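Notes for the structure review
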Amino acid sequence: MHTPVLRDECLSYLSPDGEPYESQALLIDSTLGEGGHTAAFLAAFPGLTVVGVDADEQILRRAQERLAAFTGRVFFYHDWFDAFYASYPDALSRPDIILFDLGISLFHYERSQRGFSFRYNEPLDMRLAVSAGPSASDMVNTLRADELADIIYAYGGEKLSRRIARAIVTARTQSGGITSSRALADIIYDAVPVSYRHAALHPATRTFQAFRIAVNGELRRLPAALHNAFSVLNCGGKMGVITFHSLEDAIVKRYFRALGKQCVCPPEYASCLCGGAPCAEVITHKPVTPSAAECAQNAPSRSAKLRVVKKLRQPTAIHMMGTGV
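Quick look at the structure, then. Starting afresh in each chain, residues are numbered from 1 along the sequence in its written order. Totals for whole chains, interfaces and linings use every residue, but because this is a predicted model, local features are given only for residues with pLDDT of at least 70 and side-chain atom pairs only at 80 or more, for both listing and counting. As a rule here, side-chain values cover all heavy atoms of the structure and leave hydrogens and water aside.

Ordered by their spatial adjacency, 7 strands build an open sheet running E3-E2-E1-E4-E5-E7-E6, and the pairing between neighbours is mixed. Lying at the two open borders of the sheet, with one neighbouring strand each, are strand E3 (74-78) and strand E6 (280-282). Ignoring strand direction, the axes of neighbouring strands in this sheet form an average angle of 20°. At least two DSSP bridges between two strands are required for those strands to pair. For the purposes of this entry, the term helix denotes a DSSP run of H or I that reaches at least four residues, the term strand denotes a run of E that reaches at least two, and both are numbered from the N terminus. With 5 bridges connecting them, strand E2 (residues 48-54) and E3 associate as parallel partners. Residue Val53 lies in a different strand from E3, and its bridge partner there is Tyr77. Two residues form a contact once any of their heavy atoms are found within 4.5 Å. For every element, the axis is a line fit to its C-alpha atoms; helices are fit only across the contacting stretch, and the angle between N-to-C directions ranges from 0 to 180 degrees. Running over the sheet, helix H2 (residues 36-44) touches strand E1 (25-29), E2, E3, strand E4 (97-101) and strand E5 (238-243) and is turned about 175° from E2. Along the sheet face, helix H12 (residues 218-232) touches E4, E5, E6 and strand E7 (305-311) and points at about 160° away from the line of E4.

Another aspect to go through is unusual backbone geometry. Residue Leu6 is not a glycine yet carries a positive backbone phi of 50°. Mapped onto the elements of the fold, Leu6 is located in the segment before helix H1 (7-13). For Met126, which is not glycine, the phi dihedral falls at a positive 70°. Mapped onto the secondary structure, Met126 falls in the loop between helix H5 (106-110) and helix H6 (136-142). Residue classification places Met126 among the buried positions, given a relative accessible area of 0%. Think of it in three bands: residues with accessible area under 20% of the maximum for their type are buried, residues over 50% are exposed, and the middle band is partly exposed, with areas taken using a 1.4 Å probe on protein chains only.

Working definition of a nonpolar core: buried Ala, Val, Leu, Ile, Met, Phe, Trp, Tyr and Cys residues. They are joined through side-chain atoms within 4.5 Å. Residues Ile168, Ile178, Leu184 and Phe211 are the most contacted members of the largest nonpolar core, which totals 35 residues. Counting residues per element, the ones that place at least two in this core are H6, helix H7 (145-156), helix H8 (161-175), helix H9 (181-191) and helix H11 (205-216). In this view, Ile168 contacts Val140, Leu148, Ile152, Ile178, Leu184, Ile187 and Phe211; residues no more than four positions away in its chain are not counted. By size, the runner-up hydrophobic cluster in this structure holds 33 residues, among which are Val51, Tyr85, Val232 and Val252.

A cavity here means a set of points on a 1 Å grid, drawn over the protein atoms and nothing else, where a 1.4 Å probe fits but cannot get out; a pocket is an open set with protein on both sides within 12 Å along at least five of seven lines, and a residue lines either one if it has an atom within 4 Å of a point. Grid points are joined across faces, edges and corners, and a volume is the space filled by probe spheres set on the points. By volume, the largest pocket amounts to about 1200 Å³. Around the largest pocket, the lining is made up of 36 residues, and of these Tyr109, Thr205, Gln209, Arg212 and Pro300 lie nearest the centre. No other element matches the 5 residues that H11 contributes to the lining of the largest pocket. Residue polarity is assigned by list, with Asp, Glu, Lys and Arg as charged and Ala, Val, Leu, Ile, Met, Phe, Trp, Tyr, Cys and Pro as nonpolar; anything else, Gly included, falls into the polar class. Here the residues of the lining of the largest pocket sort into 17 nonpolar, 13 polar and 6 charged. Taken as a whole, the second largest pocket encloses approximately 220 Å³ of empty space. What lines the second largest pocket is simply Thr3, Pro4, Leu6, Arg7, Asp8, Glu9, Ser291, Ala293, Glu294, Gln297 and Asn298. Elements that contribute at least two residues to the lining of the second largest pocket include exactly H1 and helix H14 (292-297). Of the residues assigned to the lining of the second largest pocket, the class counts are 3 nonpolar, 4 polar and 4 charged.

What follows is about empty space enclosed by the protein. Summary: where empty space remains is shown by rolling a probe the size of a single water molecule over the atoms. The full count for this structure, using the stated rule, is 1 cavity of 30 Å³ or more. Within this model, the largest cavity holds a volume of roughly 450 Å³. Together, 31 residues line the largest cavity, and Thr31, Asp54, Asp101, Gly103 and Leu128 are the ones closest to its centre. Only H2, E2 and H12 provide two or more residues apiece to the lining of the largest cavity.

The relative placement of two aromatic rings is captured by the distance of their centres and the angle of their planes. Only Phe, Tyr and Trp rings are paired, with Trp represented by its six-membered ring, and only when their centres lie within 6.5 Å; those with planes under 30 degrees apart are stacked, over 60 edge-to-face, the remainder tilted. Evaluation of the coordinates by the stated rule reveals 9 aromatic pairs. Aromatic pair Tyr109 and Phe116: ring centres 6.4 Å apart, planes at 80°, arrangement edge-to-face. A connected cluster of aromatic rings, assembled from ring pairs, spans Tyr77, Phe81, Phe84, Tyr85, Tyr88 and Phe100. Only Lys NZ and Arg CZ are tested; either one counts as a charge over a ring when it is within 6 Å of the ring centre and within 35 degrees of the ring normal. Here the basic side chain of Arg221 rests over the ring of Trp80, its NZ or CZ set 3.7 Å away from the ring centre.

Most of E1 is tucked away: 5 of the 5 residues are buried. Taking every second residue as pointing to the same face, both faces of E1 are buried, with Ala25, Leu27 and Asp29 on one and Leu26 and Ile28 on the other. In terms of strand pairing, E1 meets E2 through 5 bridges, oriented parallel. Bridge pairing in E2 links Leu26 to Thr49. Crossover handedness is defined by viewing with both strands directed away from the observer: a clockwise path from the first strand over the helix to the second marks the crossover as right-handed. This β-α-β element, E1 to H2 to E2, shows right-handed connectivity. Across 3 bridges, the pairing between E1 and E4 is parallel. Pairing of Asp29 across the sheet is with Leu99, part of E4.

Attention shifts here to H11. To estimate how far a helix should reach, multiply one less than its number of residues by 1.5 Å. Here H11 spans 17 Å end to end across 12 residues, near enough to the 16 Å set by a 1.5 Å rise per residue. Burial of H11 is extensive: 9 of the 12 residues sit out of reach of the surface. Turning to H11, its buried residues number three or more, namely Thr207, Phe208, Ala210, Phe211, Arg212, Ile213, Ala214, Val215 and Asn216. Backbone geometry just downstream of H11 places Gly217 in the positive-phi region, at approximately 55°.

Pasting the structure below:
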């Protein structure tokens, strides 16, 4: 069972306003996963209702089973979070709390059999929404070496990206195609220097992360999702985002910083068009990180960062467009 990261910190920073056991509030769990955060919120705040959103239909069914005790207080939407907020359902009231946990569930690594982990010999898929768009296998078998290298470097920070990309192209030419996670991991392992193979991090780690991000459009979806989510949030409501690597954290940091500024209009604007007042109170000026105890008990939490803002007024398009997001 997936353990939700920064659970207690989320409950503290994103607690409903008013008496914690009486407050009637709506929380949107934008990345429901196996429902760990939602279960914690529902147990802590009996007046709370939760809408859980996830692109993976299989994991959504697991969450429904886990949250069966809260029937009538939790509702489920099968959708990507960016699409959900771009066309926010008319049937729903505006939320008081929004949470994004941008990590990948333990289920995907251990039980989905979609090639997320190089520890298993599984079909090289990596799609969170099954059958939606090209798989990781499609990418590694069709993209040019320079395109593969760009993905591996940009999304994985892999300094040997070009070397690995060339090895992938050579291997797929010789074998007729790369279709399993084990095959890709072995290609990467054989491509890197011997000293690199015995580092603390497995040599395939960054490349697998890069392909997962590329396959699911994780960074591409995030900016608009943040902006549209904040736009539907009730004034006075809170939004929290948990990130796990520097690229997505930078997007969140820039957007939240823009929301907290007096004015975000570019210098070339003759007059202020953004409203000239902060849209949010930035509650976490520095990201909240896990305690040493949590890191020891739940290793994937080590890179987690939580950022939280409280909405003061509606944002404008300039808040997203003018910040590089």
